[in-house]
Amino acid sequence: MMKRLGTPAIAVFAFLSIISACTIDTSEQDETSDNLYQVSTISALSAGSYDGLITAGELLDEGDFGLGTFDALDGEMIVYEGTVYRVPADGIAVEVDGAVTTPFAAVTEWDPDAEHQITTPMACSDLQAAIDGLLESTEIPYAVKVEGAFSSLTTRSEERQEKPYAALSDVLANQIEFNFTDVSATMVGFRLPDYMANSNSAGYHFHALTEDREAGGHVLDCRTTNAVVEFDMIDFWQVDLTGDD
């Protein structure tokens, strides 16, 4: 049976992983456990730490599902089915070379625990509330995938930054938005508890990739018409602050 950590245990494990400034030995974890591997923290990214720490190839060694960004904040990252995609400022999704680097990313090995069909049209906020009702607890981290038809989908990306880097809030003041209608797409992301807020994005955080894998970005808003929701409970949280082995 898969072992589960309660909220206090997860929080302590996460805290110890952060202050150690290194990856954590997971050799004693249950073989079926789901590990959230994270590069740096959202606080560091928000402050302008945009220099890449590990390569996309190294990131895929840690997981096949997730999201992030790239060196110099050069676009939005979607990790889906073992491939890393970049949606830069022009909105065109491309597969990236394994040598490109990331200053912030979060990935897991996708192994969903449950699947639910959503046939009622829903705005993003209503969809998130509906997913909350399906979860065992909102005090546990989850990887979440929403795949299906969207009557509307709004995403964003941003221009590659130059040093000295501006804070993330200043960069996003000039974000570039993309609006899709009647599109099939997959939203890849996480639903994280509030106690993870200083290290990652609490609540829901999705990046999207269209079915043809030609567009996407960070999800700002959506409305589903028919979608399948899957989620994968996270047992362990591993934060790599330096990118060193």
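Quick caveat, the model's predicted, so the values are computed rather than measured.

Definitions and limits used
- Residues numbered from 1 in each chain as written.
- Predicted model: local features only at pLDDT ≥ 70, side-chain atom pairs only at ≥ 80, totals over all residues.
- Heavy atoms only, no water.
- Buried < 20%, exposed > 50% of the residue type's maximum accessible area, 1.4 Å probe, protein only.
- Helix = DSSP H or I, 4+ residues; strand = E, 2+ residues; numbered from the N terminus.
- Pairing = 2+ DSSP bridges.
- Disulfide = S-S within 2.5 Å.
- Core = buried A, V, L, I, M, F, W, Y, C linked by side-chain atoms within 4.5 Å.
- Polar contact = N/O pair within 3.5 Å; in protein donor to acceptor, adjacent residues only side chain to side chain.
- pLDDT = per-residue confidence, 0-100.
- Contact = heavy atoms within 4.5 Å.

1. A word on the pairing of strand E14 (residues 216-233)
Piece 1. With 13 of 18 residues buried, E14 is to be regarded as a mostly interior element.
Piece 2. The pairing of strand E9 (residues 114-118) with E14 spans 5 bridges and is classified as antiparallel. When the sheet's bridge partners are listed, Glu115 is paired in E14 with Glu230.
Piece 3. The pairing of strand E10 (residues 122-123) with E14 spans 2 bridges and is antiparallel. Looking across to E14, one finds that Ala123 is bridged to Arg223.
Piece 4. Bridge analysis of strand E11 (residues 142-157) against E14 gives 14 bridges, and the strand direction is antiparallel. By the bridge assignment for E14, Glu147 is matched with Val228.
Piece 5. Sheet topology note: the strand E13 (residues 203-210)/E14 ladder contains 3 bridges and is antiparallel. In the strand pairing of E14, Leu209 is matched with Gly216.
Piece 6. Taking the residues that link successive antiparallel strands as the turn, the E13-E14 hairpin has 5 residues, and the phi of Arg213 there is positive, at about 60 degrees.

2. Focus on the state of the cysteines
Piece 1. Within the structure shown, the criterion is met by 1 disulfide.
Piece 2. Here Cys124 pairs with Cys222 through a disulfide, and the sulfurs are 1.9 Å apart. On the sign convention where negative means left-handed, the S-S torsion of about 115 degrees between Cys124 and Cys222 marks this disulfide as right-handed. Of this pair, Cys124 sits in helix H4 (residues 124-134) while Cys222 sits in strand E14, and the two are 98 residues apart along the sequence.

3. Looking at the nonpolar core
Piece 1. Ranked by size, the top nonpolar core spans 27 residues in total, and within it Val144, Val146, Leu153 and Met187 carry the most contacts.
Piece 2. Among the elements of the structure, H4, E11, strand E12 (176-192), E13 and E14 are those that each provide at least two residues to this core.
Piece 3. Ranked by the residues each element gives to this core, the list is headed by E14, at 6 residues.
Piece 4. Core analysis: the second largest hydrophobic core is formed by 19 residues, Val87, Ala93, Trp110 and Phe190 among them.

4. Structural notes on the side chain of Gln238
Piece 1. Here Gln238 lies in strand E15 (residues 236-240).
Piece 2. What makes Gln238 buried here is its relative accessible area of 6%.
Piece 3. A polar atom in the side chain of Gln238 sits 2.9 Å from the side chain of Asn35.

5. Quick notes on the confidence of the model for the protein
Piece 1. Per-chain confidence: the protein averages 89 in pLDDT, with 86% of residues scoring 70 or above.
Piece 2. Note that pLDDT drops below 50 for residues 1-32; the model gives that stretch 46 contacts with residues more than four away or on any other chain.

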